[in-house]
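Listed here are the chains, written in short residue letters.
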Amino acid sequence: DINLNSPNKGLLADAMTDVPVDNAASARSAVPEGLTLAEEEELRAELAKVEEEIGTLRQVLAAKERHCGELKRKLGLTPLDGLKQNLSKSWHDVQVSNAYVKTSEKLGEWNDKVTQSDFYKKTQETLSQAGQKTSAALSNVGKLGDMSSYSIRHSISMPAMRNSATFKSFEDRVGTIKSRVVGSRENSTEGLHSPSGAGDKPPQDNSPF
């Protein structure tokens, strides 16, 4: 620990300021083990060259992307079209991948096992029977609906038929025939109760004088 009240407190600072500092040596990292100084310089030169090439390629790529955008704009292609194309290509890549092929095969095997099982067959038969019963019930409901609609149409059409000219003419004819029949019956009944000439002439007196 440094005692600030010590009479020798300024000696440490003076000793540190007198130490020379090599900036170039401190900036340069230590040479990795197994490499000489010449090999390190060669690798550093190659690294700088590669980084320069990467920068050049980035500039070329940016210019190509701008040119591609101009071509798409002239063709009327929107970014959405490019997105669809990329998604389609990505999906195609997924489909041809080994993982997708193996997964599809495994799912196919599972599907075959499930469809061939007794439980699946029984369930399918039960659902089929339920579907047939439901269809029959709906068919009966449809028939009842047709009968109800026919009754409604029939009840609605009766007043209209009664008000028609044909029905009225038929009704008048029936009324005429009825009145004639009733009239003839009344006449025959009166003839039976009062015979002709019976009440007009008094009986003759055939007693001798």
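Here the residue numbering is sequential within each chain, running from 1 through the sequence in written order. Reporting in this predicted model follows two pLDDT cut-offs: at least 70 for local features of residues, and 80 or more for side-chain atom pairs to be given and counted; totals over whole chains, interfaces and linings ignore these cut-offs and use all residues. With hydrogens and water set aside, each side-chain value is computed from the structure's full complement of heavy atoms.

With that out of the way, let us pick up the overall build of the protein chain. On a plain count of helices and strands, the protein chain comes out with 7 helices and 0 strands. Counting helices and strands in the order they occur from the N terminus, the protein chain gives α-α-α-α-α-α-α. Looking at the 209 residues of the protein chain, the share that counts as buried comes to 1%. Accessibility throughout is a Shrake-Rupley quantity obtained with a 1.4 Å probe, and a residue counts as covered only by protein chains that appear here. About 19600 Å² of surface is accessible on the protein chain, with carbon and sulfur atoms providing 59% of the total. A helix here means a DSSP run of H or I that spans at least four residues, while a strand means a run of E at least two residues long, and both kinds are numbered starting from the N terminus. Per-residue accessibility, obtained with a 1.4 Å probe over protein chains only, is compared with the maximum for each type, and a residue is labelled buried under 20%, exposed over 50%, and partly exposed between these values.

Salt bridges are defined as contacts in which a side-chain nitrogen from Lys or Arg sits within 4 Å of a carboxyl oxygen from Asp or Glu. One pass over the structure, following the stated rule, counts 3 salt bridges. The partner of Glu40 in a salt bridge is Arg44, with the nearest N and O atoms 3.1 Å apart. With Glu40 and Arg44 both in helix H3 (residues 37–75) and 4 residues apart, this pair spans about one turn of that helix. Taking relative accessible area as the criterion, Glu40 reaches 5% and is therefore assigned buried. Between Glu109 and Lys106 there is a salt bridge; the shortest N-O distance is 3.8 Å. Note that Glu109 and Lys106 are positioned in helix H5 (residues 98–115) at a spacing of 3 residues, about one turn of the helix.

Bringing the environment of Tyr120 into the picture now. Here Tyr120 is to be found in helix H6 (residues 118–162). Two residues qualify as a contact provided that any one of their heavy atoms is within 4.5 Å of a heavy atom in the partner residue. Setting aside anything within four residues of it in sequence, one finds Tyr120 in contact with Val114 and Thr115.

Right, let's talk about H3 for a bit. Look at H3: 57 Å from first C-alpha to last across 39 residues, which is about the 57 Å you get at 1.5 Å a residue. In the stretch just after H3, Gly76 is the one whose phi turns positive, near 80 degrees. Between the first and last residue of a helix there are one fewer steps than residues, each counted as 1.5 Å, and that sum is the expected span.

Two rings from Phe, Tyr or Trp (for Trp, the six-membered ring) form a pair when their centres are within 6.5 Å of each other. A pair whose planes differ by under 30 degrees is stacked, one over 60 is edge-to-face, and the rest are tilted. Tallied over the entire structure, the rule returns 1 aromatic pair. Ring centres of Trp91 and Tyr100 lie 5.7 Å apart, and the angle between their planes is 80 degrees; this geometry places the pair in the edge-to-face category. Trp91 gets classed as partly exposed once you look at its relative accessible area, which sits at 46%.

The subject of this paragraph is the UniProt feature "coiled-coil region" (unreviewed entry) in the protein chain. In the UniProt entry, the feature "coiled-coil region" (unreviewed entry) is given for residues 40–67. Helix makes up 100% of residues 40–67 and strand 0%, and the two end C-alpha atoms of the span are 41 Å apart. UniProt positions are given in the numbering used here, feature names are shortened, and annotations may be inferred rather than shown by experiment.

The next thing to look at is the confidence of the model for the protein chain. A low pLDDT means the predicted coordinates there should not be read in detail. The predictor rates its confidence in each residue with pLDDT, a number between 0 and 100. Confidence in the prediction of the protein chain, expressed as mean pLDDT, is 74, and 61% of residues score 70 or more. No element of the protein chain has a lower mean pLDDT than helix H2 (residues 23–27), at 46, and none a higher one than H3, at 94. Confidence over residues 23–27 falls short of pLDDT 50; this stretch has 0 contacts with residues more than four positions distant or in other chains.

Distance thresholds for patches are 9 Å for like charges and 5 Å for nonpolar side chains (Val, Leu, Ile, Met, Phe, Trp, Tyr), applied to residues having over 30% relative accessible area and no salt bridge. A contiguous nonpolar surface patch, about 340 Å² in accessible area, is contributed by Trp91, Val94, Tyr100 and Val101. Elements supplying a minimum of two residues to the nonpolar patch: helix H4 (79–95) and H5. Here Trp91 shows up in helix H4.

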